[in-house]
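# Working through the structure, step by step
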Amino acid sequence: MEQQGTDQQTAISRVTTGMPVVDVTGAEVGTVDLVQRGDPNAVTVQAPTAVPTADPGGSLDELIESAATEEPDVPADLAARLLRTGYLKVSTEHAPTGAVYVLADQIAAVADGRVRLDVLATSLPAED
């Protein structure tokens, strides 16, 4: 299992922004916009507690701004998984939001200047 994680990190470390991405059938998915290596110690996202720990007061605008630019822009459970395993954000015409996310373990190979996935493009989660 540890070896597989190392292989995933090796593959993702060879990916650069601008590389074309193809799915398992060879169909064009899009272009790499962002490469994020995995952090096995990434904090998992927890539901908010009933008692607020800080007064949102004047910092609400800051909170909205940080949330608007935070990656990955997906539901919390998927975001935690992406942060732990590593991911690619891929610009694509296949999603209404214009981007999908690829988990590091969905990368089959990085060769010939492109990223080949081991899944179908339609199975990739779209940006929220």
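Only a predicted model underlies this, so the values are computations on that prediction, with no experimental measurement involved.

Let us now look at helix α3 (residues 76–85). All of the buried residues along α3 are L78, A79, A80, L82 and T85. With its phi angle positive at about 95°, G86 sits one or two positions after the end of α3.

Core analysis: the biggest nonpolar cluster contains 20 residues, and V29, L88, I107, V115 and L117 have the highest contact counts within it. At the level of secondary structure, the elements contributing two or more residues to this core comprise α1 (2–13), β2 (28–37), β3 (86–91), β4 (99–103), β5 (107–111) and β6 (114–117). In this structure L117 touches V21, V22, D23, V24, V29, V102, Q106, I107, A108 and L124, once residues within four positions along its chain are discounted. Core analysis: the next-biggest nonpolar cluster, separate from the first, contains 7 residues, L78, L82, Y101 and L103 among them.

Following the criterion strictly, the structure yields 2 salt bridges and no others. The partner of K89 in a salt bridge is E71, and the shortest N-O contact between them spans 2.7 Å. A residue pair is termed long-range when its members are at least 10 positions apart, and K89 in strand β3 and E71 in the loop between α2 (60–69) and α3 qualify at 18 residues. Of the residues examined, K89 reaches a relative accessible area of 11% and is grouped as buried. Judged by relative accessible area, which is 27%, E71 ranks as partly exposed. The partner of E127 in a salt bridge is K89, with the nearest N and O atoms 2.7 Å apart. Linking E127 in the segment after β6 with K89 in strand β3, this pair joins segments that are 38 residues apart in sequence. The class for E127 is buried, based on a relative accessible area of 16%. Through salt bridges with shared partners, a single network forms among E71, K89 and E127.

Rules and cut-offs
- Residues numbered from 1 in each chain as written.
- Predicted model: local features only at pLDDT ≥ 70, side-chain atom pairs only at ≥ 80, totals over all residues.
- Heavy atoms only, no water.
- Buried < 20%, exposed > 50% of the residue type's maximum accessible area, 1.4 Å probe, protein only.
- Helix = DSSP H or I, 4+ residues; strand = E, 2+ residues; numbered from the N terminus.
- Core = buried A, V, L, I, M, F, W, Y, C linked by side-chain atoms within 4.5 Å.
- Contact = heavy atoms within 4.5 Å.
- Salt bridge = Lys/Arg side-chain N within 4 Å of Asp/Glu carboxyl O.

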